[in-house]
Amino acid sequence: MRILAIETSCDETAISLVEAKGRLNPPAGGLSFKVLGNNLASQAKIHAPYGGVYPTLAKREHIKNLPILFDQTLKQAKLEKNNKPFDLIAVTQGPGLEPALWTGIVFAENLAKKFKAPVIPVNHMLGHYFSVFADKEKFSISKSQFPILALLVSGGHTELILSKDFMKFKKIGETRDDAAGEAFDKVARLLGLPYPGGPEISRLAEVCRKNQESKIKLPRPMLNSPDFDFSFSGLKTAVLYLTQKIGKLTPKIKKEIAREFEDAVVDVLVSKTLRAAEKYKIKTLIVAGGVASNKHLRNVFNHKLQNTTYKLLFPARELATDNSLMIALAGYFQVLKNKKIKSAKNIQAKGNLKI
Ligand code: KG4
Ligand code: ZN
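Reference entry: report on the structure contained in this document. Values in this document were obtained by computation on a predicted structure and should not be read as measured data.

What follows covers the coordination of the zinc ion (ligand 2). In this structure, His-124 (NE2), His-128 (NE2) and Asp-322 (OD) serve as the protein donors to the zinc ion (ligand 2), at separations of 2.0 to 2.1 Å. Considered as a linear motif, the donors of the zinc ion (ligand 2) on their single chain read H-x3-H-x193-D. Of this pair, His-124 sits in helix H4 (residues 124-130) while Asp-322 sits in the loop between strand E10 (311-313) and helix H10 (325-338), and the two are 198 residues apart along the sequence. Pair check on accessibility: His-124 and Asp-322 agree, each one buried.

Here you go:
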């Protein structure tokens, strides 16, 4: 099945065309995913002066980019003339910025009419969940891989999702305030680093880890709470007070703060995830979302899981942050779960859509 996927939930406009094959429900088999065309326009530079994503600007840029990316994607796919270019359109419905989400939905619905193709709404977080398979032409999802635990860490979300069977999801923990990515972005701003803050903090933290000790100490919020929830807003406030106390931030101090902040976030994420993994006797651990591109987080998970039987799945680096290949995959699994394609009418953007 050829799927056209559209993603506009935040500040990346992305369109891709993929050929997806295989079954999901037992016995699962022959799952394959071939990228025919894939394009992404990042608006990060446009939003950088605002220190975060500016929704009306994001909307304007999506509207400008969508038709350009669509044409590029079809060109890349080099489809034979007279062939129907796609059998299905999968579009992100939420969660995300509603003005941004609407642009993708309206574009998808217009294409659906023009090409007489069905359109289905996709949950962006499920996209992140399945992004771990998006760079593999062939992959398997079998009963033996369950239970699966997923730590989804992005700019808007931090949640632990437990899955005991195909396409069955239960949230067992989430952040009570800021998302991990949001904390990276806010702390970056306090340190005078550009948006998005995650990669910048990570870069400084790594330099510090190689060359110097960090004398800074920051809290590990909710590290020992008996639930699987997180909290990152207190950590951000601790950095705020620290920077106010220090006054002039030298490059050396910035690196030390970046390192200790990254250590604190990673400590909490890894420790709580592993505790949940143990409690639910999982077999597979997925770590996905923008923050999953963090090198230190990957290293610590890899290290801690060395002597366990869990299989650890990360997305390819370029597929950890927002993209449309993950939307195509999540859309395909949704179709397989429902066993048929049911075109949606009047898709509504849902900024707070839950898994
Ligand atoms: O998944 P994503 O692209 O968008 C949302 O769905 O929110 O995640 C973006 C978030 C931003 O907060 C960004 O700072 C963070 O992911 N991020 C990182 C890294 N790369 C991106 N955080 C920590 N380390 C990184 N290397
Ligand atoms: Zn995302």
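Okay, the environment of Ala-41 next. As for its placement among the helices and strands, Ala-41 is situated in strand E3 (residues 29-42). For Ala-41, a relative accessible area of 17% corresponds to the buried category. Residues Ala-41 and Asp-11, spaced 30 residues apart in sequence, show a C-alpha to C-alpha distance of 8.6 Å. Not counting residues up to four positions away in its chain, the partners in contact with Ala-41 are Asp-11, Glu-12, Thr-13, Asn-65 and Leu-69.

Bringing the pairing of strand E2 (residues 12-23) into the picture now. Each regular strand shows side chains that alternate between the opposite faces of the sheet. Where strand E1 (residues 2-7) lies against E2, six bridges are found, and the strand directions are antiparallel. In the sheet register, Arg-2 faces E2, and the bridge partner there is Glu-19. If you look at the hairpin formed by E1 and E2, you'll find four residues sitting between the two strands.

On inspection of all chains with the given rule, the structure shows 15 aromatic pairs. A ring pair is formed by Phe-70 and Phe-86, whose centres lie 6.4 Å apart and whose planes are at 70 degrees; its orientation type is edge-to-face. Residue Phe-70 is located in helix H2 (residues 55-77), and its partner Phe-86 is located in the loop between H2 and strand E4 (88-94); the two are separated by 16 residues in the primary sequence. Classification of Phe-70 by relative accessible area gives buried; the value is 6%. What makes Phe-86 buried here is its relative accessible area of 0%.

Okay, unusual backbone geometry next. A cis geometry characterises the amide bond from Gly-94 onward to Pro-95, with omega recorded as -5 degrees. In this structure, Pro-147 follows Phe-146 across a cis peptide bond, with omega equal to 0 degrees. Following the sequence through the fold, Pro-147 ends up in the loop between H4 and strand E6 (148-153). With phi around 50 degrees, Lys-116 is a residue other than glycine that occupies positive phi space. Turning to its location among the elements, Lys-116 is positioned in the loop between helix H3 (98-115) and strand E5 (119-123). Overall, the relative accessible area of 69% leaves Lys-116 in the exposed class. Unusually for a residue other than glycine, Met-167 sits at a positive phi of about 55 degrees. Along the chain, the position of Met-167 falls in the loop between strand E7 (158-165) and strand E8 (168-174).

Inspection of the region around ligand 1 gives 18 residues, with His-128, Gly-155, Asp-185, Asn-294 and Asp-322 positioned closest. In this structure, His-128 approaches ligand 1 through a side-chain N or O atom, which is 3.0 Å from an oxygen atom. Between ligand 1 and Gly-198, the relevant distance is 3.0 Å, taken from an oxygen atom to a main-chain nitrogen or oxygen of the residue. The fraction of the free accessible surface of ligand 1 (550 Å²) that becomes covered by protein chains is 89%. Residue assignment for the shell around ligand 1 shows that the elements contributing at least two residues are H4, helix H5 (180-190) and helix H6 (197-211). Looking at the shell around ligand 1, its residues break down into four nonpolar, twelve polar and two charged.

Right, let's get into H3. Here H3 is 18 residues long and its end C-alpha atoms lie 25 Å apart, about the 26 Å a rise of 1.5 Å per residue gives. When we look at burial in H3, the residues that qualify are Ala-100, Leu-101, Thr-103, Gly-104, Ile-105, Phe-107, Ala-108, Leu-111 and Ala-112. Contact partners of the buried residues in H3: E1, E2, H2, E4 and E5. Positioned one or two residues after H3, Lys-116 has a phi angle of 50 degrees, which is positive.

What follows deals with the nonpolar core. Counting residues in each nonpolar core, the largest one holds 48 residues, and the members touching the most others are Leu-149, Ile-201, Phe-261, Leu-269 and Phe-301. Breaking this core down by element, the ones donating at least two residues are E6, E7, H5, H6, helix H7 (233-246), helix H8 (251-279), strand E9 (284-288) and helix H9 (295-304). Per-element tally for this core: the top contributor is H8, with twelve residues. If you look at the next biggest cluster of nonpolar residues, it comprises 42 residues, including Val-18, Val-122, Ile-161 and Phe-166.

Moving on to the side chain of Asp-185. Tracing the chain through its elements places Asp-185 in helix H5. Discounting chain neighbours no more than four positions away, the residues touching Asp-185 are Tyr-195, Pro-196, Gly-197 and Gly-198.

Moving on to the sheet that holds E7. The strand order across the open sheet built from five strands is E8-E7-E6-E9-E10, with neighbouring strands paired in mixed fashion. For this open sheet the edge positions go to E8 and E10, each flanked by a neighbour on one side alone. Adjacent strand axes in the sheet meet at a mean angle of 20 degrees when their direction is disregarded. Bridging between E6 and E9 involves five bridges; their strand directions are parallel.

This part takes up the pattern of salt bridges. One pass over the full model with this rule turns up 22 salt bridges. For Asp-135, the salt bridge identified is with Lys-136, shortest N-O distance 3.2 Å. On the basis of relative accessibility, which here comes to 28%, the residue Lys-136 falls in the partly exposed class. The shortest N-O distance in the salt bridge between Lys-171 and Glu-159 comes to 3.6 Å. Placement of the pair is Lys-171 in strand E8 and Glu-159 in strand E7, with a sequence separation of twelve residues.

Rules used throughout
Residues numbered from 1 in each chain as written. Chains lettered and ligands numbered in written order. Predicted model: local features only at pLDDT ≥ 70, side-chain atom pairs only at ≥ 80, totals over all residues. Heavy atoms only, no water. Donors = N, O, S within 2.8 Å, 3.2 Å for Na, K, Ca; no water. Helix = DSSP H or I, 4+ residues; strand = E, 2+ residues; numbered from the N terminus. Buried < 20%, exposed > 50% of the residue type's maximum accessible area, 1.4 Å probe, protein only. Contact = heavy atoms within 4.5 Å. Pairing = 2+ DSSP bridges. Phe/Tyr/Trp six-rings, centres within 6.5 Å; stacked < 30°, edge-to-face > 60°. Near = heavy atom within 4 Å. Polar contact = N/O pair within 3.5 Å; in protein donor to acceptor, adjacent residues only side chain to side chain. Areas by Shrake-Rupley, 256 points an atom, 1.4 Å probe, with all protein chains shown as cover. Nonpolar A, V, L, I, M, F, W, Y, C, P; charged D, E, K, R; others polar. Expected span 1.5 Å × (residues − 1). Core = buried A, V, L, I, M, F, W, Y, C linked by side-chain atoms within 4.5 Å. Axes fitted to C-alpha atoms, helices over the stretch in contact; angles between N-to-C directions. Salt bridge = Lys/Arg side-chain N within 4 Å of Asp/Glu carboxyl O.

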